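# A closer look at the structure
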Amino acid sequence: VMSKLAHAIDAPHFQATAPVGHTQEQHALRWLSQVAQIQTEANSEALIESLKKLPPSVFLLSNLHRLFLRAVGHYRGLDSILKVMQATARHHFWVCSFHHPAWSFLEGMGHVGHVNVFAKRIHLGAFDPPDLSQWLTAQTRKAGLEPNFDALTQKKTTGPDRSRMLERTERAYWRLLADAAQGNPSVAMQLWLSSLHPDPESTTSTFVSLFKGHETEELEQLQDDELFALTAIIIHEDLTVKELHVVLNMSEARVRALCRGLEQRTLIIETESGRYKVRLNWLPAVERHLRRRSFLHKE
């Protein structure tokens with residue numbers, strides 16, 4: 001979205017993605033100074049004055065939730081940037097993106113993470129079944145494969161009845177996929193790929209089977225400390241052991257043990273950069289379970 005806006009704007013603009021780990025004021029202000037291509041300022045007041053000397057511009061900043069951690073003393077990075085935005089909002093136009101669970105958390109906070117500075121919120125909604133069908137089918141055909149839903153039909157038929165049955169089967173599949181993925185395109189892509197199987201009689205066709213989703217009942221045995229860890233990972237998208245240690249106020253040894261247990265349950269995965277993420281095929285079920293248990297803010 002930010003890239004499309006950048007190409008569409010006929011005005012001076014700056015585009016950047018917030019870095020990981022800049023939760024302290026000095027680091028966050030240095031980052032924004034670099035984005036604006038001005039001298040690094042030591043405090044927000046100095047940065048505000050420098051920004052006001054620039055021509056009126058549009059700032060497109062992605063993933064601003066990376067500038068905070070849900071821990072005492074780790075909101076200063078985000079708060080300092082929001083203070084600068086609010087003070088320069090009559091001179092510059094600020095467009096920022098937040099991960100939705102992080103936004104929902106911050107919106108419920110009164111004394112930190114002052115996201116109420118934004119005059120307008122645009123929620124990028126979930127993909128619906130027709131959108132998913134159009135997008136994923138196009139991607140599959142682009143790869144040289146034609147999806148074949150015959151394996152999902154209850155019985156073999158011919159003639160007009162076959163066409164009608166296939167149409168109903170396809171519509172039912174996309175409804176189930178959109179529901180299982182909660183409209184999340186990344187999760188939907190993962191489930192779609194798990195549905196595809198080779199057609200032994202064709203190199204240009206692929207059979208579509210029913211994907212395997214997860215239910216919240218599978219998570220009932222998780223302990224509270226495991227749920228707190230999953231909540232933190234989801235709110236922040238991903239976290240290192242050291243960051244989880246700060247957020248959960250637990251020893252790093254205890255955090256490592258928690259992560260090993262969640263990995264063994266296949267709930268989370270460690271990335272090449274050493275950050276833990278909830279596996280995409282588990283993400284909808286984990287989010288539903290955490291909301292039901294009031295660990296995450298309800299929609």
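Being a predicted model, the structure only gives us computed values, none of them experimental.

Counting its regular elements, the protein contains 12 helices and eight strands. The principal-axis extent of the C-alpha atoms belonging to the protein is close to 75 × 50 × 30 Å. Looking at the protein as a whole, 44% of its 299 residues are labelled buried. For the protein, restricting intrachain contacts to residue pairs at least 6 apart in sequence, the fraction spanning at least 24 positions comes to 65%. Counting only carbon and sulfur atoms, one obtains 51% of the accessible surface of the protein, whose full area is about 16500 Å². Of the side-chain charges in the protein, 34 are positive and 33 negative, and the distance between the mean point of each set is 2 Å.

This paragraph deals with the nonpolar core. Ranked by size, the top nonpolar core spans 82 residues in total, and within it Leu 61 and Leu 64 carry the most contacts. Tallying contributions element by element places helix H9 (residues 224-235) first for this core, with seven residues.

Strand pairing in a sheet is mediated by backbone hydrogen bonds. Such pairs are either parallel or antiparallel. Strand order in the open sheet formed by three strands is S4-S6-S5, with mixed pairing between adjacent strands. Strand pairing shows two members of the sheet lacking a second neighbour, strand S4 (146-148) and strand S5 (196-198), which therefore form its edges. Shown here is a sheet whose adjacent strand axes are inclined to one another by a mean of 45°, direction ignored. Bridge count for S5 against strand S6 (residues 205-208) is three bridges, and the pairing is antiparallel. Within the sheet, the bridge partner assigned to His 197 lies in S6 and is Phe 207. Helix H6 (residues 129-142) contacts S4, S5 and S6 of the sheet and is inclined by roughly 120° relative to S4. Against the sheet, helix H8 (residues 185-195) touches S4, S5 and S6, its axis set at about 30° to S5.

So, on to the packing of aromatic side chains. By convention here, two paired aromatic rings are described through the distance between centres and the angle between planes. In the structure shown here, the tally under the stated rule is 16 aromatic pairs. Considering the side-chain rings of Phe 149 and Tyr 173, the 5.7 Å spacing of their centres and the 70° angle between planes classify their relative orientation as edge-to-face. In this pair, Phe 149 sits in the loop between S4 and helix H7 (160-181) while Tyr 173 sits in helix H7, placing the two residues 24 residues apart along the sequence. Like Phe 149, the residue Tyr 173 is buried in the burial classification. Note on Phe 149 and Trp 192: the rings are 6.4 Å apart at their centroids and 35° apart in plane angle, and the pair reads as tilted. Of this pair, Phe 149 sits in the loop between S4 and H7 while Trp 192 is found in helix H8, placing the two residues 43 residues apart along the sequence. For the pair shown, Phe 149 and Trp 192 are each scored as buried. Positioned above the aromatic ring of Phe 105 is the side chain of Arg 70, whose terminal nitrogen or guanidinium carbon lies 5.6 Å from the ring centre.

Calculation notes
- Residues numbered from 1 in each chain as written.
- Predicted model: local features only at pLDDT ≥ 70, side-chain atom pairs only at ≥ 80, totals over all residues.
- Heavy atoms only, no water.
- Helix = DSSP H or I, 4+ residues; strand = E, 2+ residues; numbered from the N terminus.
- Buried < 20%, exposed > 50% of the residue type's maximum accessible area, 1.4 Å probe, protein only.
- Contact = heavy atoms within 4.5 Å.
- Areas by Shrake-Rupley, 256 points an atom, 1.4 Å probe, with all protein chains shown as cover.
- Lys, Arg positive; Asp, Glu negative; His and termini not counted.
- Charge placed at Lys NZ, Arg CZ, Asp CG, Glu CD.
- Core = buried A, V, L, I, M, F, W, Y, C linked by side-chain atoms within 4.5 Å.
- Pairing = 2+ DSSP bridges.
- Axes fitted to C-alpha atoms, helices over the stretch in contact; angles between N-to-C directions.
- Phe/Tyr/Trp six-rings, centres within 6.5 Å; stacked < 30°, edge-to-face > 60°.
- Lys NZ or Arg CZ within 6 Å of the ring centre and 35° of its normal.

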